[in-house]
Amino acid sequence: MMSSQMYQENVLDHYRHPRNKGALTRPDIKHSGQNPLCGDEIEIMAKLNGDVIKDVRFRGSGCAISQAAASMLTERIKGMALADVKRIERDDVVSMLGVPISATRMKCAMLGLVTMKHGILAHEGARVPKTTTEDVPGEGA
Ligand code: FES
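Residues numbered from 1 in each chain as written. Predicted model: local features only at pLDDT ≥ 70, side-chain atom pairs only at ≥ 80, totals over all residues. Heavy atoms only, no water.

## Let's talk about helix 4 (residues 90-97)
Each full turn of the α-helix corresponds to 3.6 residues, which orients residues three or four apart in the same direction.
Alright, step 1. All of the buried residues in helix 4 are Val 93, Met 96 and Leu 97. The buried residues of helix 4 all sit within an arc of 95° when viewed along its axis, so they share a single face.
Alright, step 2. The elements touched by buried residues of helix 4 are helix 1 (4-16), helix 2 (64-77) and helix 5 (103-123). (Buried < 20%, exposed > 50% of the residue type's maximum accessible area, 1.4 Å probe, protein only. Helix = DSSP H or I, 4+ residues; strand = E, 2+ residues; numbered from the N terminus. Arc of directions from axis to C-beta. Contact = heavy atoms within 4.5 Å.)

## Quick word on the pattern of salt bridges
Alright, step 1. A complete count under the given rule lists 9 salt bridges for this structure.
Alright, step 2. A salt bridge links Lys 78 to Asp 55; the nearest nitrogen and oxygen atoms lie 3.3 Å apart. Residue Lys 78 is located in the loop between helix 2 and helix 3 (82-86), and its partner Asp 55 is located in strand 3 (residues 52-61); the two are separated by 23 residues in the primary sequence.
Alright, step 3. A salt bridge links Lys 86 to Glu 124, with the nearest nitrogen and oxygen atoms 2.9 Å apart. Here the residue Lys 86 occupies a position in helix 3, and Glu 124 occupies one in the loop between helix 5 and strand 4 (131-132), the gap between them amounting to 38 residues.
Alright, step 4. Take Glu 124: its relative accessible area is 45%, and that puts it in the partly exposed class.
Alright, step 5. Beyond isolated ion pairs, a larger network of salt bridges with shared partners links Asp 13, Arg 19 and Glu 75. (Salt bridge = Lys/Arg side-chain N within 4 Å of Asp/Glu carboxyl O.)

## As for the sheet that holds strand 1 (residues 29-34)
Sheet strands associate in pairs through backbone hydrogen bonding, adopting either a parallel or an antiparallel arrangement.
Alright, step 1. Within the open sheet, the 4 strands sit side by side as 3-2-1-4. Their pairing is mixed. Strands at the two margins of the open sheet, each flanked by one partner only, are strand 3 and strand 4.
Alright, step 2. Bridging between strand 2 (residues 41-49) and strand 3 involves 9 bridges; their strand directions are antiparallel. When the bridges of strand 3 are listed, Glu 43 appears paired with Arg 59. (Pairing = 2+ DSSP bridges.)

## A few points about the nonpolar core
For soluble globular proteins, the rule of thumb is that nonpolar side chains tend to be buried together.
Alright, step 1. Within the largest apolar cluster, 37 residues are counted, with the highest numbers of intra-cluster contacts made by Ile 53, Ile 65, Ile 77, Val 85, Val 93, Leu 97 and Met 116.
Alright, step 2. Those elements that provide at least two residues to this core are helix 1, strand 2, strand 3, helix 2, helix 3, helix 4 and helix 5.
Alright, step 3. No other element matches helix 5, which puts 9 residues into this core.
Alright, step 4. Excluding anything up to four places from it in sequence, Val 93 contacts Ala 69, Ala 109, Met 110 and Leu 113. (Core = buried A, V, L, I, M, F, W, Y, C linked by side-chain atoms within 4.5 Å.)

Honestly, it's all geometry; don't read function into it.
Here it is as C-alpha cells:
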C-alpha cells in the first residue's frame, strides 16, 4: 500500500512526465474534452485491435490533477477492451490518483475519463458533441 506522500509524488511524477503524451496518426478514436471551469482542454486518441485498445495518446493542457489523471488513465486502458473502459468509474480514478479530490477538482480528475468514454461512444456511432465535464458531479454528489 502506498502512503499518501507516495501518492502525491506519483501524481506529480505523472504531471511532470506524462505517459503516452502526444498524438497518433489515423486513430480509430479521437475526441476532445474541456473543463468549463478553467477552459483546459485535452484530446485523446486511440488505435484499436478489434475492440481492444492497442495504443492510446493524449495531448492538451491543464492542472496537475487533470494531466496526471489522464496520464494514469492511458496506462490503465492500454490493452483493455472498450467494454471494460466503459466500466471505469469515478471511484477508480480517485483511487488511481490516491490524493484527496475536492468537488471542484473532481472535474479535473474526470476530464480524461469522460472524454475517453465519449470518444468510445462516438466510435460506436453515437453523435457525441465535444465533451465538457459540466455534468460531472462533485464529491459526495
Ligand atoms: Fe483546468 Fe484542472 S484547473 S483541468
